[in-house]
Amino acid sequence: MKNIVFALLLSLLTGAVFAQSETVKTEVIATELAPGIYRLFVDNRVSVALQTGPDGLLLIDAAYDRTAAEVKEALRELSDKEIRFLINTHLHGDHTGGNAVLGKGAHIIAHPTVKEYLSKDQVRGETTLPAPPVHARPDITIKGAMTLDFNNETIEITHLPGGHTGGDLLVYFPAAGVLVVGDLLFAGYFPYVDVSNGGNPLTYLKNVDWILNNFPDNTIFSGGHGPVFSKTEYKNWLNNLSETLEVLQKARSQGMDAEQMKSAGLLNKWASFGSFFITEDRWIDTLYPFLQQ
C-alpha cells in the first residue's frame, strides 16, 4: 500500500475568546488500499475513504467541518475529478461535519436517520448549533440495501441497524475487496456506542460478527478510527470485546455493580483498548445496563 502525507495548515481566526491567532497543523495521510481506492486518515483521528475513476470521485464520510478544506486539498492531490457521490456511514459530526464543503454539488447518500439529524438544530448545553444547509443533507436515503454502478464497479451499500447508531451503513467494493464499515470498527480500541441515537453494544458485537461471516477472507476492512484491519485482526478485535462482555457478565451475575467492577480493575487486561476515546471505565458503563442480572 502506498502512503502519501499531506501536511496542511488549519488557521484559526482571532476572535473574542482568543488572545491571538493560532495555527494548527492538520495532517491527512492517504493510503492506497487497492487500485483507485484510498483511505485518508484525517488529523490522526478519523478515516475517510475515496474511490477514484473516470466517472469522478466517490467519498465515504467527510470528517470534521474544521478539516473539510484540508481533505478537499488532499483529494486534489489524488485526482482532478469532482466529487459525484458522498456516502455518510452514520450521523456523527466527525463523519458528516465536512458535508457542507465536500458534499456541495454531489449526491449525498445516507440512512434516513442521518437526514433527520442533519435537518435539525443541535442543542449542546447552552449552545445551539444551526442545522447545516440543505445541500449538506442527504438527498438519497437508504433502508436495507442498494447498489451503485460507478467507476466500473458495482458498489454494495448495506444498512446494519442498531449497532454503533441506528443508521450504520457498510460500503463494499467487491472487485477491489475493500469494505468500509464506519464506526463498526474502532481498530484496536473500545468502540463508542451511541445508545441515544439507536446504538446497542450487544447488537454492535452481533453486527461485527455478521460482517465477519459475510465477506471474504481477503477483505480489507477500513473502519472509522484506527488502522486498516485484515479479517484475522478484525476477528481478534471482536473476540477481545466479546471476552470483556463475558467477564463483566460473570461479575454482574455475582452481584457486582459498575463501580465495583471499575474498582476491581476487571478490564485491566485490555488497558490498551482504552487509550483512545472509550476508557475501560466508560466501556463498563456502556455494557453494564445491558448485562443480565
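Cut-offs and rules
- Residues numbered from 1 in each chain as written.
- Predicted model: local features only at pLDDT ≥ 70, side-chain atom pairs only at ≥ 80, totals over all residues.
- Heavy atoms only, no water.
- Helix = DSSP H or I, 4+ residues; strand = E, 2+ residues; numbered from the N terminus.
- Contact = heavy atoms within 4.5 Å.
- Polar contact = N/O pair within 3.5 Å; in protein donor to acceptor, adjacent residues only side chain to side chain.
- Axes fitted to C-alpha atoms, helices over the stretch in contact; angles between N-to-C directions.
- Parallel < 35°, antiparallel > 145°, perpendicular 65-115°, else oblique.
- Left-handed = near helix turned anticlockwise from the far one by under 90°.
- Salt bridge = Lys/Arg side-chain N within 4 Å of Asp/Glu carboxyl O.
- Buried < 20%, exposed > 50% of the residue type's maximum accessible area, 1.4 Å probe, protein only.
- 1 Å grid on protein atoms, 1.4 Å probe; cavity = no way out; pocket = protein on both sides within 12 Å on 5 of 7 lines; lining within 4 Å.
- Points joined across faces, edges and corners; volume = space filled by probe spheres on them.
- Nonpolar A, V, L, I, M, F, W, Y, C, P; charged D, E, K, R; others polar.
- Phe/Tyr/Trp six-rings, centres within 6.5 Å; stacked < 30°, edge-to-face > 60°.
- Lys NZ or Arg CZ within 6 Å of the ring centre and 35° of its normal.
- Core = buried A, V, L, I, M, F, W, Y, C linked by side-chain atoms within 4.5 Å.

Chemist: Requested: an account of the environment of asparagine 200, with residues and values cited.
Modeler: As for its placement among the helices and strands, asparagine 200 is situated in the loop between strand E14 (178-186) and helix H5 (201-214). Measuring from C-alpha to C-alpha, the distance between asparagine 200 and threonine 165 comes to 7.5 Å, with 35 residues separating the pair along the chain. Each residue touching asparagine 200, except ones within four places of it in the same chain, is listed here: Gly162, Gly163, Val193 and Phe290. Here leucine 202 takes part through its backbone nitrogen, which lies 2.8 Å from a polar atom of the side chain of asparagine 200.

Chemist: Just give me the short version of the packing of helix H6 (residues 231-253) against helix H8 (residues 280-287), but keep the residues and values in it.
Modeler: As a packed pair, H6 and H8 sit with axes 11 Å apart at the nearest point and diverge in direction by 70°. Between H6 and H8, the angle is such that the two are roughly perpendicular. The handedness of the crossing between H6 and H8 comes out as right-handed. Here Leu241, Thr244, Leu245 and Leu248 of H6 lie close against H8, whose contacting residues are Trp283, Ile284 and Leu287.

Chemist: I'd like a rundown of the pattern of salt bridges, residues and numbers included.
Modeler: For the structure on display, the rule yields seven salt bridges. A salt bridge links glutamate 243 to lysine 269; the shortest N-O distance between them is 2.9 Å. Placement of the pair is glutamate 243 in helix H6 and lysine 269 in the loop between helix H7 (258-263) and H8, with a sequence separation of 26 residues. What makes glutamate 243 partly exposed here is its relative accessible area of 29%. Ionic pairing is found between glutamate 259 and lysine 262, a salt bridge with its closest N-O pair at 3.0 Å. Here lysine 262 and glutamate 259 lie together in helix H7, a separation of three residues that amounts to about one turn. Here the salt bridges do not stand alone but share partners, grouping Glu259, Lys262 and Asp285 into one network.

Chemist: Account for empty space enclosed by the protein, with residues named and values stated.
Modeler: For the structure shown, the criterion picks out one cavity of 30 Å³ or more. Taken as a whole, the largest cavity holds about 40 Å³ of empty space. Every residue along the wall of the largest cavity is listed here: Ser47, Val48, Ala49, Ile60, Asp61, His95, Val180, Gly182, Ser222, Gly223 and Gly224. At the level of secondary structure, the elements contributing two or more residues to the lining of the largest cavity comprise strand E4 (46-51), E14 and strand E15 (220-225). Of the residues that constitute the lining of the largest cavity, the class distribution is four nonpolar, six polar and one charged.

Chemist: If you had to explain the packing of aromatic side chains to someone new, which residues and values would you point to?
Modeler: For the structure on display, the rule yields 10 aromatic pairs. Measuring from centroid to centroid gives 4.9 Å for phenylalanine 221 and tyrosine 234, while their planes differ by 55°, and the two rings are tilted. Residue phenylalanine 221 is located in strand E15, and its partner tyrosine 234 is located in helix H6; the two are separated by 13 residues in the primary sequence. Each of the two residues, phenylalanine 221 as well as tyrosine 234, counts as buried. The rings of Tyr204, Phe221, Tyr234 and Trp237 are connected pair by pair, giving a single aromatic cluster. The ring of tyrosine 64 has arginine 66 sitting right over it, with the charged end atom 4.5 Å from the ring centre. Note that arginine 282 overlies the ring of phenylalanine 277, its terminal NZ or CZ placed 5.0 Å from the centroid.

Chemist: Quick rundown of the nonpolar core? Include the residues and the values.
Modeler: Judged by nonpolar contacts, the single largest core of 37 residues is most densely connected at Val181, Ile211, Tyr234 and Trp237. Those elements giving two or more residues to this core turn out to be strand E13 (168-173), E14, H5, H6, H7 and H8. Ranked by residues supplied to this core, first place goes to H6 with seven residues. If near-sequence neighbours (up to four positions away) are discounted, isoleucine 211 is found in contact with Leu160, Leu170, Leu179, Val181, Leu184, Phe221 and Tyr234.

Interpretation in functional terms is not warranted from these geometric data alone.
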